[in-house]
Amino acid sequence: MQPDIIQKYNRPVPRYTSYPPANYFAPCSEADYLTMCELSDKARQNNISFYLHIPFCRHLCHYCGCNSYPMAKPEMVKAYVDALHREIDLVASHISNDRKISQIHYGGGSPTSIPISMIRELNEHLLSIAPTIDRPEIAIECHPGYLTANDWHELTECGFTRYSLGIQDLKTDVLKTVNRRPSMVDIGEILQILRSSGATVNFDFIYGLPLQSADSFRQTIEQAASLRPDRLVTFSYAHLPRLFPRQQILDKAGLPSDSEKKLMYEMASQVLVAAGYKPIGLDHFVLPEDELAVALDKGQLHRNFQGYCTRRTTAQVYAFGVTAISQLDDGYAQNGRNISEYIDTINNGRLYIQRGYRLTEQEKMVREVIETLMCNYSLRWNDLASRMGVSVEEIRNACQYDEAIIDEMATDGLLSLDADQIMMNSDGRPFVRCVAAALDPLMKNSDKQFSRPI
């Protein structure tokens, strides 16, 4: 792709991990959320997904854009986890227990910063609420800089089916610059321990950090691929120092240029495809037999705030903990961010909902269009219309479809078109967010702040 085309489309646009993005959320009450919970029983896809947010980190990485907090004292950690248990019970009383759990996910922060015994008890609590589907996904994000070999063995006794290892880079100079602790245990040994429980393992990396180059990142990915994890993820670093002031430190260290960053992704992708991995969405690479690869082949890949999933595990997401976002058929609800307020509010028998968004029927159509394109790199208008029980014209009107803009993107080589389909070209895939934004009426006059694709 020509440099002028890259420059033209490398503009701030939403990541679309939800539609609308979280920066469109407005004040939302506990009553609003409970109404959405009760309506979720009747949703077309009404499996249950639980998300738990563990906000604590023993060290805060300079690049972090997550809702993370310095590690608290043991008594505060216990009080927080006790509040999680109470919040789970408060919400569970408003959803039907004849539905099935298809997904549980722990994120943060660093979920593995708290005692593993607490994690095991939380899992046992969640799994007591309702039966599960066959082969549910029970996943946790892990910081390997915190855990000994004994810790990893103990973690395998908690019932997880997937582990995501936040490695970020294998170069110690890069990790030191961004204040990330390297793994305490050899990555290959960790992989062996986790796989002994029958679980699958992700290796997660970030590109676009100080001291990284296309060549150094290629070496990291080659080394990682040689260990053959089930999934390998290459996240693009989003530099937003106005939103996350700690990122200002990285400005002083120096960041790779846009062209170098794009080359990092391209070289990593080439390495992984040559090693037999299949690209999934913006940043995932999976082995060919992976459920995500099968779903992509069928055009049935999906995603939520927790990452890519299949239609089989797609569910209504009920989220617990500070800043956690519930993702339901009718909208979103997000908890507040103050840990002490959260604990006090939950202990008084109330939910800590502060922000959210209730979708209109038109916005639900737009959400389906954008999720389909973002996940599968293509969409067929007639398939979407059939799935939603509406006409193609209604969907296009909901998106305020502008044929001239989409035609220009096709001329620029981002995508291919026919009467029924939009399909991203291989060179255009890094800019799928730009195409999605062109189908998003909220972007017509948006004043929100977003990151760039590269």
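Residues numbered from 1 in each chain as written. Predicted model: local features only at pLDDT ≥ 70, side-chain atom pairs only at ≥ 80, totals over all residues. Heavy atoms only, no water.

**Student:** What is the right way to read the pairing of strand 13 (residues 307-310) from this model?
**Tutor:** The sheet contact formed by strand 12 (residues 301-304) and strand 13 spans 4 bridges and is antiparallel. Opposite Arg303, over in strand 13, you have Tyr308 as the bridge partner. In this structure, the hairpin formed by strand 12 and strand 13 is closed by a connection of 2 residues. (Pairing = 2+ DSSP bridges. Helix = DSSP H or I, 4+ residues; strand = E, 2+ residues; numbered from the N terminus.)

**Student:** What should I look at first to understand the sheet that holds strand 19 (residues 415-417) in this one?
**Tutor:** As a general point, the strands of a sheet are linked pairwise by backbone hydrogen bonds and lie either parallel or antiparallel. With antiparallel pairing, 3 strands are arranged side by side in an open sheet as 18-20-19. Sheet topology places strand 18 (378-380) and strand 19 at the edges, where each strand pairs with a single neighbour. Sheet twist, expressed as the mean angle between neighbouring strand axes with direction ignored, is 15°. As defined by bridge partners, strand 18 adjoins strand 20 (residues 421-424) across 3 bridges and the pair is classed as antiparallel. Counterpart to Ser378 in the pairing with strand 20 is Met423. Running over the sheet, helix 13 (residues 361-376) touches strand 18 and strand 20 and is turned about 135° from strand 18. Lying on the sheet, helix 14 (residues 381-388) is in contact with strand 18 and strand 20; it crosses strand 18 at an angle near 65°. (Axes fitted to C-alpha atoms, helices over the stretch in contact; angles between N-to-C directions. Contact = heavy atoms within 4.5 Å.)

**Student:** Would you take a moment to explain the nonpolar core for this structure?
**Tutor:** Generally speaking, nonpolar side chains in soluble globular proteins are found buried as a group. If you look at the biggest cluster of nonpolar residues, it comprises 81 residues, and the most contacted ones within it are Phe50, Trp152, Leu155, Phe203 and Tyr318. Counting residues per element, this core draws most heavily on helix 3 (residues 74-92), which supplies 8 residues. Beyond its immediate stretch of four places on either side in the chain, Leu155 contacts Thr112, Ile116, Ile119, Cys142, Leu147, Phe160 and Tyr163. Ranked by size, the runner-up nonpolar core spans 44 residues in total, among them Tyr24, Met409, Val435 and Ala436. (Core = buried A, V, L, I, M, F, W, Y, C linked by side-chain atoms within 4.5 Å. Buried < 20%, exposed > 50% of the residue type's maximum accessible area, 1.4 Å probe, protein only.)

**Student:** Help me understand the pairing of strand 2 (residues 48-54), please; the structure alone is not making it clear to me.
**Tutor:** Across a regular strand the side chains alternate sides, sitting on one face of the sheet and then on the other. With 7 of 7 residues buried, strand 2 is to be regarded as a mostly interior element. A two-sided burial pattern is seen for strand 2, the buried positions comprising Ile48, Phe50, Leu52 and Ile54 on one face and Ser49, Tyr51 and His53 on the other. Bridging between strand 2 and strand 5 (residues 101-108) involves 7 bridges; their strand directions are parallel. Looking across to strand 5, one finds that Ser49 is bridged to Gln103. Note that strand 2 and strand 14 (residues 316-320) share 5 bridges and pair parallel. If you follow Phe50 over to strand 14, its bridge partner there is Tyr318.

**Student:** Would you take a moment to explain the packing of helix 3 against helix 4 (residues 116-127) for this structure?
**Tutor:** Two packed helices can be described by the angle between their axes and the distance between those axes. Interhelical geometry of helix 3 versus helix 4 gives an angle of 5° and a closest axis separation of 11 Å. By the angle class used here, helix 3 and helix 4 are roughly parallel. Taking contact as the criterion, the partners of Val77, Lys78, Val81, Leu84, His85, Ile88 and Asp89 in helix 3 are, on helix 4, Met118, Glu121, Leu122, His125 and Leu126. Across the contact of helix 3 with helix 4, the residue classes tally to 7 nonpolar, 2 polar and 3 charged. (Parallel < 35°, antiparallel > 145°, perpendicular 65-115°, else oblique. Nonpolar A, V, L, I, M, F, W, Y, C, P; charged D, E, K, R; others polar.)

**Student:** Any chance you could explain the packing of aromatic side chains here in plain terms?
**Tutor:** Centre-to-centre distance and the angle between the planes together describe a pair of aromatic rings. What the rule picks out here adds up to 14 aromatic pairs. With a centroid separation of 6.0 Å and an interplanar angle of 40°, the aromatic rings of Tyr207 and Tyr265 are classed as tilted. Residue Tyr207 is found in strand 8 (residues 200-207), and its partner Tyr265 is found in helix 10 (residues 258-274); the two are separated by 58 residues along the sequence. Take Tyr207: its relative accessible area is 7%, and that puts it in the buried class. Taking the relative accessible area as the measure of exposure, Tyr265 reaches 16% and is therefore buried. Chaining the aromatic ring pairs together yields one cluster made of Phe56, Tyr80, Tyr342 and Tyr352. In this structure, Arg58 packs its charged tip against the face of Tyr146, placed 4.9 Å from the ring centre. One cation-aromatic arrangement involves Arg396 over Tyr401; the distance from NZ or CZ to the ring centre is 4.5 Å. (Phe/Tyr/Trp six-rings, centres within 6.5 Å; stacked < 30°, edge-to-face > 60°. Lys NZ or Arg CZ within 6 Å of the ring centre and 35° of its normal.)

**Student:** How should the side chain of Asp420 be read in this particular structure?
**Tutor:** Considering the arrangement of structural elements, one finds Asp420 in the loop between strand 19 and strand 20. A relative accessible area of 18% places Asp420 in the buried class. If we skip the residues at most four places from it in the chain, Asp420 touches Leu379, Arg380, Trp381 and Asn382.

**Student:** Is there a simple way to explain the environment of Cys375 in this structure?
**Tutor:** For Cys375, the position within the fold is in helix 13. The exposure class assigned to Cys375 is buried, which follows from its relative accessible area of 0%. Separated by 76 residues in sequence, Cys375 and Gly299 place their C-alpha atoms 8.5 Å apart. For Cys375, the residues in contact, after removing those within four places along its chain, are Gly281, Leu296, Leu301, His302, Arg303 and Tyr308.

**Student:** Got a minute to help me understand the packing of helix 3 against helix 12 (residues 339-347) in this structure?
**Tutor:** Two elements in contact, helix 3 and helix 12, have axes separated by 9 Å at closest approach and are oriented at 45°. Comparing the axis directions of helix 3 and helix 12 gives the class oblique. You can see that helix 3 and helix 12 cross each other, and the crossing is left-handed. For the pair helix 3 and helix 12, the contacting residues are Met76, Ala79, Tyr80, Ala83, Leu84, Arg86, Glu87 and Leu90 in the first and Ile339, Ser340, Tyr342, Ile343, Ile346 and Asn347 in the second. Each residue belonging to the contact of helix 3 with helix 12 can be placed in one class, and the counts come to 10 nonpolar, 2 polar and 2 charged. (Left-handed = near helix turned anticlockwise from the far one by under 90°.)

**Student:** Which parts of the structure should I look at to understand unusual backbone geometry?
**Tutor:** Excluding glycine, residues mostly carry a negative phi; peptide bonds, for their part, are mostly trans. In the segment running from Tyr19 into Pro20, the intervening peptide bond is cis, with an omega of -10°. Following the sequence through the fold, Pro20 ends up in the loop between helix 1 (3-9) and strand 1 (26-27). A cis amide bond links Gly108 with the next residue in sequence, Gly109, at an omega value of 25°. Topologically, Gly109 is positioned in the loop between strand 5 and helix 4. Here Gln168, not a glycine, exhibits a phi torsion of approximately 75°, which is positive. For Gln168, the location among the structural elements is in strand 7 (residues 162-168). If you check the backbone angles, Arg228 has positive phi at about 65° while not being a glycine. You can see Arg228 is positioned in the loop between helix 8 (214-226) and strand 9 (231-236).

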